[in-house]
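# A look at the structure
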Amino acid sequence: QVQLDESGGGLVQAGGSLYLSCTASGSIGSIIAMGWHRQAPGKERELVATVTRGGNRNYADSMKGRLTISRDSALNTVYLRMDSLKPEDTAVYYCNVLGYSGTVPYVYWGQGTQVTVSS
């Protein structure tokens, strides 16, 4: 089992910034990638940003230029800085991790952290 501890959500005014972090612990094995998705009310969960073990980054087109994802491999932690936030960025943001425990692949999700952007 892998546990994900998310922090950093909250309420921010439009144009503001938020900094999310997520730390993986437990039977981590080898992490391939960590990242964030989000889900707004009545909508499907969608990709926000991911970073691989090799440092490759992928960002949602809707948020490109406003996101910075980084990872501290030694701490098994991923960070997400979100700038110039808009009301439509309001959602629950979920951390996720992909990896291998031995030869068994896994995907785990955090419980989510609420991000609310007021206009």
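Notes on the structure follow. (Residues numbered from 1 in each chain as written. Predicted model: local features only at pLDDT ≥ 70, side-chain atom pairs only at ≥ 80, totals over all residues. Heavy atoms only, no water.)

Our focus in this paragraph is the nonpolar core. It is characteristic of soluble globular proteins that their nonpolar side chains tend to be buried jointly. With 30 residues, the main nonpolar core has Met34, Trp36, Leu80, Met82 and Tyr93 as its most contacted residues. Those elements that place two or more of their residues in this core are strand E1 (2-7), strand E3 (18-26), strand E4 (30-39), strand E5 (46-52), strand E7 (67-72), strand E8 (77-82), strand E9 (91-101) and strand E11 (113-118). (Core = buried A, V, L, I, M, F, W, Y, C linked by side-chain atoms within 4.5 Å. Buried < 20%, exposed > 50% of the residue type's maximum accessible area, 1.4 Å probe, protein only. Helix = DSSP H or I, 4+ residues; strand = E, 2+ residues; numbered from the N terminus.)

What follows is about unusual backbone geometry. Comment: phi is negative for the bulk of residues other than glycine, and the bulk of peptide bonds are trans. One non-glycine residue, Asn76, lies in positive phi territory at about 50°. On the secondary structure map, Asn76 appears in the loop between E7 and E8. One non-glycine residue, Ser84, lies in the positive phi region at around 50°.

As for its placement among the helices and strands, Asn96 is situated in strand E9. Among the residues examined, Asn96 registers a relative accessible area of 4% and is labelled buried. Excluding anything up to four places from it in sequence, Asn96 contacts Leu4, Ala33, Met34, Gly35, Trp36, His37, Val107, Tyr108 and Trp109. (Contact = heavy atoms within 4.5 Å.)

Counting across every chain of the model gives 5 salt bridges. Residue Asp83 is joined to Arg81 by a salt bridge in which the shortest nitrogen-to-oxygen separation is 2.9 Å. Taken together, the shared-partner salt bridges in this structure form one network comprising Arg38, Glu46, Arg66 and Asp89. (Salt bridge = Lys/Arg side-chain N within 4 Å of Asp/Glu carboxyl O.)

Another aspect to go through is the environment of Tyr106. Within the secondary structure, Tyr106 is located in strand E10 (residues 104-109). Distance from Tyr106 to Tyr19, taken between C-alpha atoms, is 26 Å for residues 87 residues apart in sequence. Not counting residues within four places of it along the chain, the set of residues in contact with Tyr106 comprises Val2, Ser27, Ile28, Ser30, Ile31, Val97, Leu98, Gly99, Tyr100 and Ser101. Reaching out from Tyr106, the side chain makes a polar contact with the backbone oxygen of Ile28 at a distance of 2.5 Å. (Polar contact = N/O pair within 3.5 Å; in protein donor to acceptor, adjacent residues only side chain to side chain.)

For the structure shown, the criterion picks out 2 aromatic pairs. Considering the side-chain rings of Tyr106 and Tyr108, the 5.4 Å spacing of their centres and the 50° angle between planes classify their relative orientation as tilted. For Arg45, the ring lying beneath its charged end belongs to Tyr94, and the centroid distance is 3.7 Å. Across from the ring centre of Trp109, 4.7 Å away, lies the NZ or CZ of Arg45, which sits over that ring. (Phe/Tyr/Trp six-rings, centres within 6.5 Å; stacked < 30°, edge-to-face > 60°. Lys NZ or Arg CZ within 6 Å of the ring centre and 35° of its normal.)

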